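Examining the three-dimensional arrangement
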Amino acid sequence: MTTRSTSADRPGPVALAEAPVLQARNSAALWIATGRCRGHEVIRRRGFVAVDGDERAGLRILIQEPDLDPAELAEVSELTRRAAGPVLAEDPFSSTDLDHLGLRSWQMPVMLRPPGPVGEPALDVIRVRRPEDLQAAEQIVIEGFELDGFTPYRPGELFPTALIEQPGVDVFVALHDGVPAGASVSVVDDGVGSHYWVGTSSAFRSRGVGRAVMLGSLAHLADLPVTLTASKLGRPLYESLGYTVAAPSTWWGPPLP
């Protein structure tokens, strides 16, 4: 269950060394909420969380501890073997070897931003409340992240309507001259915030949309430590907003075609 929290729930500064576990827990909160909204099976173990979806959503594995035991590794292998769709696993600790699953691996940094003031976005950024705005965000993310498994587009498949009703989960859309141009998802859980699916429509790239949607979604997280996992392209933006690289996160996914 995700919960809206204030900085009072997590007193004192957060060290960079804590970022991997904070990211692991927050990511699990997002995917548990998403899986339940989609009606997919959610599997929770000490060392991992898995959301077992259909042939389009696939299987999402979220490593939660740096020391999976043999039974947990065996279960991850079995879940991967019988997955109906593509498999994507993330390990913020970069300590679990999943090469035997036959997936390609890569690394992205986990970043941490301490509580602090947030600037005003140069564009209008709205917190999504209407189904049509949620669909706009969904389409931006599918395009921006090249989520070919969600094409042809089916409204509500990536972002179910119930997702924005989940405590702690918010979806944001940046508007460029009134047109949806960027999107992001933020999650607050256990006094920590995090960002996901920060994307820009191809028609509006290099116009400050990514910065605007980040600032807009950061506004309600200013009093919290915030984590994220950064792509190579996104890292310079996040560093300019006060994020610092904490540790490498290892990801596994389908082999490139």
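Keep in mind that this is a model prediction, so the values were computed, not measured. (Residues numbered from 1 in each chain as written. Predicted model: local features only at pLDDT ≥ 70, side-chain atom pairs only at ≥ 80, totals over all residues. Heavy atoms only, no water.)

With that out of the way, let us pick up the overall build of the chain. Tallying secondary structure elements over the chain gives 5 helices and 11 strands in all. In terms of C-alpha radius of gyration, the chain reaches 17 Å, essentially the compact-globule figure of 18 Å for 257 residues. When its C-alpha atoms are laid out on the principal axes, the chain stretches across 50 × 45 × 30 Å. As displayed, the chain has an accessible area near 11500 Å², and 53% of this comes from carbon and sulfur atoms. (Helix = DSSP H or I, 4+ residues; strand = E, 2+ residues; numbered from the N terminus. Rg over C-alpha atoms; globule rule 2.2 N^0.38 Å. Areas by Shrake-Rupley, 256 points an atom, 1.4 Å probe, with all protein chains shown as cover.)

Another aspect to go through is the pairing of strand β8 (residues 179-189). Counted residue by residue, β8 has 9 buried out of 11 residues, so it is predominantly covered. Of the pairings in the sheet, the one linking strand β7 (residues 169-176) to β8 comprises 8 bridges and is antiparallel in character. The partner of L175 across the bridge, within β8, is P180. Hairpin geometry of β7 and β8 is characterised by an intervening segment of 2 residues between the two adjacent antiparallel strands and by a positive phi of about 55° at D177. (Buried < 20%, exposed > 50% of the residue type's maximum accessible area, 1.4 Å probe, protein only. Pairing = 2+ DSSP bridges.)

In space, the 11 strands of this open sheet follow the order β1-β2-β3-β4-β11-β5-β10-β9-β8-β7-β6, with mixed pairing throughout. Lying at the two open borders of the sheet, with one neighbouring strand each, are β1 (41-44) and β6 (124-127). Shown here is a sheet whose adjacent strand axes are inclined to one another by a mean of 20°, direction ignored. Most of the contacts of helix α1 (residues 19-38) go to strand β9 (residues 192-200), to which it runs at about 65°, and overall it touches β1, β2 (48-52), β3 (59-63), β4 (87-91), β5 (104-113), β7, β8, β9, β10 (226-229) and β11 (244-253). The sheet strands contacting helix α3 (residues 131-144) are β6, β7, β8 and β9, and the helix crosses β8 at an angle near 95°. (Axes fitted to C-alpha atoms, helices over the stretch in contact; angles between N-to-C directions. Contact = heavy atoms within 4.5 Å.)

A separate point is the confidence of the model for the chain. When the pLDDT values of the chain are averaged, the result is 94; 95% of them are 70 or greater. Between residues 1-11, whose pLDDT stays under 50, and residues either more than four places distant or in other chains, the model counts 34 contacts. (pLDDT = per-residue confidence, 0-100.)

A word on α3. For α3, spanning 14 residues, the distance from its first C-alpha to its last is 20 Å, which sits close to the expected 20 Å at 1.5 Å a residue. When α3 is considered as a whole, its buried residues turn out to be D133, L134, A136, A137, E138, I140, V141 and I142. Residues of α3 that are buried sit in contact with β6, β7, β8 and β9. Looking one or two places after α3, you find E146, whose phi comes out positive at around 50°. (Expected span 1.5 Å × (residues − 1).)

Once that is clear, we can look at the packing of aromatic side chains. All chains considered together, the criterion is met by 4 aromatic pairs. When the centroid spacing of 6.4 Å and the interplanar angle of 65° are considered together, the rings of W31 and W197 count as edge-to-face. With W31 in helix α1 and W197 in strand β9, this pair connects stretches of sequence that are 166 residues apart. With respect to burial, W31 and W197 carry one shared label: buried. Seen from their ring centres, F145 and W197 are 5.1 Å apart, and the 90° between their planes marks the pair as edge-to-face. Here W197 lies in strand β9 and F145 lies in the loop between α3 and β7, a separation of 52 residues in the sequence. Exposure remark for W197: the relative accessible area of 17% places this residue in the buried category. (Phe/Tyr/Trp six-rings, centres within 6.5 Å; stacked < 30°, edge-to-face > 60°.)

For the structure shown, the criterion picks out 14 salt bridges. The shortest N-O distance in the salt bridge between E65 and R25 comes to 2.8 Å. Placement of E65 in the loop between β3 and α2 (70-81) and of R25 in helix α1 is noted, with a sequence separation of 40 residues between them. Across the pair E132 and R130 runs a salt bridge whose closest N-O atoms are separated by 3.2 Å. One network of salt bridges, in which partners are shared, links R46, D67 and E72. (Salt bridge = Lys/Arg side-chain N within 4 Å of Asp/Glu carboxyl O.)

The next subject is α1. Over its 20 residues, α1 runs 28 Å from end to end, which matches the ideal 28 Å to within 8%, given 1.5 Å per residue. Of all 20 residues making up α1, 17 are buried, and the element is well covered by its neighbours. Note on α1: the residue one or two positions beyond its end, G39, has a positive phi of about 80°.

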